[in-house]
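Coordinates in review
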Amino acid sequence: MENSLISGSPMKLILRFAFPVLLGMLFQQFYNLVDTIIVGKLLGANALAAVGSTGALNFLVLGFCMGICSGFSIPVAQQVGANDPSAVRRYVFNGSYLSVFFTLVITAVTAFFCEDLLRITQTPEDIFVDAYRYIFIIFLGIPGIFLYNYLSGIIRALGDSKTPVYFLALSAFLNIFLDIALILWFQAGVAGAAIATVASQVISGLACLIFMIKRFPILRATPQERQLSLVHCTRLCMMGLPMGLQYSITAIGSTILQTAINTLGSTYVAAVAAGSKLFQLLCCPFDALGSTMSVYSGQNAGACAFSRLRRGLWDSSLIGLVYSIVAFAAMLLFAPQCTMLFLDPEEENLTQLVQLTSQYIRVLSAFFFPLALVNCLRFSIQGMGFSVPAMSAGLLELAGRAAVALAFVPVFGYSAACYASPIAWILADLFLIPGSILCVKTLEKRQKAA
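Residues numbered from 1 in each chain as written. Predicted model: local features only at pLDDT ≥ 70, side-chain atom pairs only at ≥ 80, totals over all residues. Heavy atoms only, no water.

As for a nonpolar patch on the surface
Residues Leu42, Phe177, Ile180, Leu184, Trp185 and Phe186 make up a contiguous nonpolar surface patch of roughly 640 Å² in combined accessible area. The dominant element in the nonpolar patch, judged by the number of residues it contributes, is helix H8 (residues 163-185), at four residues. Note on placement: Trp185 falls in helix H8. With a relative accessible area of 55%, Trp185 lands in the exposed category. (Patch = residues over 30% accessible without salt bridge, like charges linked within 9 Å, V, L, I, M, F, W, Y side chains within 5 Å. Areas by Shrake-Rupley, 256 points an atom, 1.4 Å probe, with all protein chains shown as cover. Salt bridge = Lys/Arg side-chain N within 4 Å of Asp/Glu carboxyl O. Helix = DSSP H or I, 4+ residues; strand = E, 2+ residues; numbered from the N terminus. Buried < 20%, exposed > 50% of the residue type's maximum accessible area, 1.4 Å probe, protein only.)

Let's talk about helix H1 (residues 10-43)
Under the 1.5 Å per step criterion, the end-to-end length of H1 is 49 Å for 34 residues, consistent within 8% with the ideal 50 Å. Residue Phe19 marks the point of greatest curvature in H1, where the axis turns by about 25°; the proline Pro20 follows within four residues. The first or second residue beyond H1 is Gly44, which carries a positive phi of 100°. (Expected span 1.5 Å × (residues − 1). Bend = angle between axes of the 7 residues up to and from the residue.)

Structural notes on the environment of Tyr419
Relative to the helices and strands, Tyr419 is located in the loop between helix H17 (414-418) and helix H18 (420-449). Separated by 251 residues in sequence, Tyr419 and Leu168 place their C-alpha atoms 33 Å apart. Filtering out sequence-adjacent residues up to four positions away, Tyr419 remains in contact with Val363 and Phe367. (Contact = heavy atoms within 4.5 Å.)

Comments concerning the environment of Tyr268
Position of Tyr268 among the secondary structure elements: in helix H11 (residues 266-282). The exposure class of Tyr268 is partly exposed, given its relative accessible area of 26%. Beyond its immediate chain neighbours, meaning those up to four positions away, Tyr268 contacts Ile261, Gln352, Leu356 and Tyr414.

What to know about the nonpolar core
One finds Ile106 and Leu158 to be the most contacted residues of the largest nonpolar core, which totals 60 residues. The element best represented in this core is helix H3 (residues 55-81), accounting for eleven residues. Apart from the residues within four sequence positions on either side, Ile106 is in contact with Val61, Phe64, Cys65, Ile68, Ile142 and Phe146. Core analysis: the second largest hydrophobic core is formed by 54 residues, Ala301, Ala327, Leu373 and Ala428 among them. (Core = buried A, V, L, I, M, F, W, Y, C linked by side-chain atoms within 4.5 Å.)

A short note on helix H16 (residues 387-412)
For H16, with 26 residues, the first-to-last C-alpha span of 36 Å sits near the 38 Å given by 1.5 Å per residue. The largest bend along H16 reaches roughly 35° and is located at Ala405.

A look at the environment of Phe72
As for its placement among the helices and strands, Phe72 is situated in helix H3. Sequence-wise, Phe72 and Ile37 are 35 residues apart; in three dimensions their C-alpha atoms are separated by 35 Å. Discounting residues that sit within four places of it in the chain, Phe72 has contacts with Gly95, Leu98, Ser99, Phe102, Tyr150, Leu236, Cys237 and Gly240.

Here's the deal with the pattern of salt bridges
This structure, assessed with the given rule, holds eight salt bridges. Residue Glu115 pairs with Arg119 through a salt bridge whose shortest N-O separation is 3.8 Å. On the criterion of helical spacing, the pair formed by Glu115 and Arg119 is a turn pair, its members being four residues apart in helix H5 (residues 114-120). The class of Glu115 is partly exposed, set by a relative accessible area of 40%. The partner of Arg310 in a salt bridge is Glu444, with the nearest N and O atoms 2.8 Å apart. You can see Arg310 sitting in helix H13 (residues 306-339) and its partner Glu444 sitting in helix H18, a full 134 residues away along the chain. Through salt bridges with shared partners, a single ionic network connects Glu115, Arg119 and Glu125.

Examining the side chain of Ser294
Tracing the sequence through the fold places Ser294 in helix H12 (residues 284-302). A relative accessible area of 9% places Ser294 in the buried class. In contact with Ser294, other than residues within four places in its own chain, are Ile74, Phe379 and Gly383.

A closer look at the packing of aromatic side chains
Under the defined criterion, the tally for this structure stands at 16 aromatic pairs. Taken together, a centroid distance of 6.3 Å and an interplanar angle of 85° make the contact between Phe72 and Tyr150 edge-to-face. Here Phe72 is found in helix H3, whereas its partner Tyr150 is found in helix H7 (residues 142-157), with 78 residues between them in sequence. By relative accessible area, Phe72 is classed as buried at 1%. An angle of 80° between the planes, with centres 5.3 Å apart, marks the rings of Phe286 and Tyr323 as edge-to-face. With Phe286 in helix H12 and Tyr323 in helix H13, this residue pair connects regions lying 37 residues apart in the sequence. The exposure class assigned to Phe286 is buried, which follows from its relative accessible area of 1%. Members of the aromatic cluster, joined through ring pairs, are Phe279, Phe286, Tyr323, Phe368 and Trp425. In this structure, Arg119 packs its charged tip against the face of Phe128, placed 3.8 Å from the ring centre. (Phe/Tyr/Trp six-rings, centres within 6.5 Å; stacked < 30°, edge-to-face > 60°. Lys NZ or Arg CZ within 6 Å of the ring centre and 35° of its normal.)

Some points on unusual backbone geometry
Residue Gln187 is not a glycine yet carries a positive backbone phi of 55°. Within the secondary structure, Gln187 sits in the loop between H8 and helix H9 (189-215). Even without glycine at this site, Cys304 takes up a positive phi of about 55°. Tracing the chain through its elements places Cys304 in the loop between H12 and H13.

Structure, rendered in structure tokens:
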């Protein structure tokens, strides 16, 4: 078997596995920032607005795809922990067949209804054409999204968290180079930015495929192990579809909240936009912990190492607590300075924007530990194989954000908007904390009954 998370100190294993994942996520944030600068500087504000206007739709569809891929990797991690190479191969190959199927269906549906989706999200007419060109090409590139995310998820499930980072770095550098080449040299406009994104994803996905063929002899399957299996496909769908829906549920909740914020005026919208960018940067460690706990819990559930499951939940929560305290202290001291990374110094109402953005990020960071628990516990539950309870926590988050957006933002304004996500995290934790304990006990009962 490949790199194992079923022996050794859970704390050390979690930190060692999470660090490369964190580097990859930080690199992705860096790329997103550079990509925004390139489009804004080379094509202007309208083009940047056109690309930005597709953000919620982009996250809704591509998040669903990435969630499916993450779910498909969970049975693989479980069989690695169970030391069953044949089952690993069966799940990998059946997951690839399902990925092809979902790729074709999602690409066809989103491309066909692309214009309708933009109308539903009320894309402004003055940027509609550019927005359509951009998101249509992105949807046509869904095969590349599946290719990279499915293969990188399998690599992580086999215990290798470093290699996907290298291919993510390759993708980011290619994307930046192609952005400049297609926009500046070939005058391709926003279509060039979309083509650059799709091409870089495809190339990094192919690099993952070549690496897997050469690096993992465990994946050399017999003809029988390559056969389509209804049992394995059903298990994969039970993991993948709820995770995909969970990403989409999060996107829906964020869209409802954003709609409520839009009613407050452009100054508040700008403050939340800048605060959200800083928030995404600060939350990379939580996302890395979540991805790590999915693999850790999957392998240890497969190995029936229940005491290690409990210890991993505790240790990952402790890591999240320590980081939460550090991040909150940093925002108390340096929030105004950090917000200036995402604000234009020439803004007329700069002082008010800094104040509002600082308020937003300080409120969020005060509740970072509940967010840490959401990531650690939900992904751990998914790794154990309980995808529906994990999705239920996402529904509670949706309910929390929607309730604040619809009932409290119209009355209390911006302050209520700042507390929408913390309320959503706390609601999810009220379900996830007892849920994670119950999931471990359920696995123990199944093992005793077997």
